[in-house]
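In case you want the letters, here they are:
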Amino acid sequence: MSKKRKHQDHDEHIDESWLIPYADILTLLLALFIVLYSMNSVDVKKFEDMSRAFSFALNNGSGVLDMPSVIRKGDETEKDDKQDDKEDSSQQSELSQEELIRQEQAELNKLKEEMDTYISENGLDSALETELNMSQLLITISDSALFAPAQARVNTEGTDLAVAISKLLEQYPSYDVIIAGHTDDRPINNAQFRSNWDLSTMRAVRFLDILLKNDKLEPERFSAIGYGEYHPIADNATEEGKAKNRRVEVSIIHTFVDKTNPQNLQVKKP
């Protein structure tokens with residue numbers, strides 16, 4: 001009777017050894033799903049991290065949920081990737097700007113050569129000069145080549161010059177152009193102009209009017225400004241200095257220059 005009871009007790013005991021492989025299978029499935037999820041976005045670093053975690057789970061039998069560092073590593077990797085992408089984008093932007101600068105400098109150098117050729121062929125060396133720097137191509141025109149004394153109406157020779165410049169600018173439509181008028185320090189007050197501010201501004205505007213008769217130029221890229229006597233390039237104490245200060249400047253500006261900052265538009269000083 002006792003032996004029978006002992007046998008019955010043994011039959012009632014449930015063998016739970018199957019739970020161990022079952023738990024391992026669940027762990028591996030969970031690891032697999034995490035790997036598949038991580039592959040939804042192409043992230044090489046994250047994929048490598050998850051592969052190592054998956055290998056660790058296979059080789060050591062540990063559950064993935066027992067390794068919180070995997071999740072944190074993924075977050076750190078994502079941040080690192082974003083930082084790398086940001087740095088790559090910044091480097092590409094710098095390279096693009098450097099390439100833009102080189103291209104524009106080459107274009108403006110070509111325009112300068114064309115303008116210098118025009119000056120030489122027309123015997124205008126004493127009335128015009130060009131200067132190229134990293135901000136602009138500056139064309140300086142003496143007032144004697146454009147206007148009668150104390151007047152803002154462009155003469156015939158000045159009109160021809162303005163037309164020639166406008167045709168050259170057709171080849172370079174992407175640049176902004178500023179026309180600036182300058183005077184000497186001799187006061188003016190007549191029926192047309194109350195001050196040198198008025199005279200310098202109207203001279204710039206009248207020259208600009210002729211440029212924009214060329215309908216191939218975009219007016220929104222042009223502007224006119226008058227500086228009066230306040231940006232001299234020579235000493236006003238002599239007549240020769242006064243003559244140099246009476247001028248119109250055509251500034252063809254690099255597109256990467258901040259045009260709202262006057263320091264970027266170089267003005268020659270005496």
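Whatever comes next refers back to the structure up there.
All values reported here derive from a predicted model rather than from experimental measurement.

1. Structural notes on the overall build of the protein
Scanning the protein from N- to C-terminus turns up seven helices and five strands. When the elements of the protein are put in sequence order from the N terminus, they spell out α-α-α-α-β-β-α-β-α-β-α-β. With the model as given, the accessible surface of the protein reaches about 17,100 Å², and the carbon-plus-sulfur share is 53%.

2. As for helix 6 (residues 196-211)
Over its 16 residues, helix 6 runs 23 Å from end to end, which matches the ideal 22 Å to within 8%, given 1.5 Å per residue. Among the residues of helix 6, those classed as buried are N196, L199, S200, R203, A204, F207, L208, I210 and L211. Down the axis of helix 6, the smallest arc covering the buried residues is 165°, so these residues share one side. For helix 6, the side-chain oxygen to backbone nitrogen distance between the N-cap and W197 is 3.2 Å, and the N-cap itself is S195.

3. A word on the environment of L138
Its place among the elements puts L138 in strand 2 (residues 136-142). A residue is classified by how much of its surface remains accessible, and L138, at 2% relative accessible area, is buried.

4. Digging into the sheet that holds strand 2
Through backbone hydrogen bonds, the strands of a sheet pair up, either in parallel or in antiparallel fashion. Strand order in the open sheet made by the five strands is 1-2-5-3-4, with mixed pairing throughout. Every other strand in the sheet has two partners, leaving strand 1 (128-132) and strand 4 (222-226) as the edge strands with one partner each. Looking at each pair of strands side by side, their axes are set apart by 15° on average, direction ignored. Sheet topology note: the strand 3 (residues 176-182)/strand 5 (residues 247-253) ladder contains seven bridges and is antiparallel. Counted as the bridge partner of D176 is I253 from strand 5. Those strands touched by helix 5 (residues 156-169) are strand 1, strand 2, strand 3, strand 4 and strand 5, and its axis lies near 170° from that of strand 2. Against the sheet, helix 6 makes contact with strand 2, strand 3, strand 4 and strand 5, and its axis sits at roughly 160° relative to strand 4, the strand it touches most.

5. What about the pattern of salt bridges?
Under the counting rule described, the total for this entry stands at 14 salt bridges. One salt bridge connects K242 with D185, and the closest N-O pair in it is separated by 2.7 Å. Residue K242 is found in helix 7 (residues 239-245), and its partner D185 is found in the loop between strand 3 and helix 6; the two are separated by 57 residues along the sequence. E249 is the salt-bridge partner of R247, the closest N and O atoms lying 2.9 Å from each other.

6. Quick notes on the side chain of S166
Counting through the fold element by element, S166 comes out in helix 5. Residues in contact with S166, not counting those within four places in the same chain, are L211, N214 and L217.

7. Considerations on the environment of S200
Structurally, S200 can be placed in helix 6. By relative accessible area, S200 is classed as buried at 1%. Separated by 20 residues in the primary sequence, S200 and A180 place their C-alpha atoms 7.7 Å from one another. Among all residues touching S200, those that are not within four sequence positions of it are G181, H182, T183, I225, G226, Y227 and G228. There is a polar contact of 3.1 Å between the side chain of S200 and the backbone oxygen of W197.

8. Focus: helix 5
For helix 5, built from 14 residues, the straight-helix expectation of 20 Å at 1.5 Å per residue is met to within 8% by its first-to-last C-alpha distance of 20 Å. Measuring from the backbone nitrogen of E157 back to the side-chain oxygen at the start of helix 5 gives 3.3 Å, which picks out N155 as the cap.

Criteria and cut-off values
- Residues numbered from 1 in each chain as written.
- Predicted model: local features only at pLDDT ≥ 70, side-chain atom pairs only at ≥ 80, totals over all residues.
- Heavy atoms only, no water.
- Helix = DSSP H or I, 4+ residues; strand = E, 2+ residues; numbered from the N terminus.
- Areas by Shrake-Rupley, 256 points an atom, 1.4 Å probe, with all protein chains shown as cover.
- Expected span 1.5 Å × (residues − 1).
- Buried < 20%, exposed > 50% of the residue type's maximum accessible area, 1.4 Å probe, protein only.
- Arc of directions from axis to C-beta.
- Polar contact = N/O pair within 3.5 Å; in protein donor to acceptor, adjacent residues only side chain to side chain.
- Pairing = 2+ DSSP bridges.
- Axes fitted to C-alpha atoms, helices over the stretch in contact; angles between N-to-C directions.
- Contact = heavy atoms within 4.5 Å.
- Salt bridge = Lys/Arg side-chain N within 4 Å of Asp/Glu carboxyl O.

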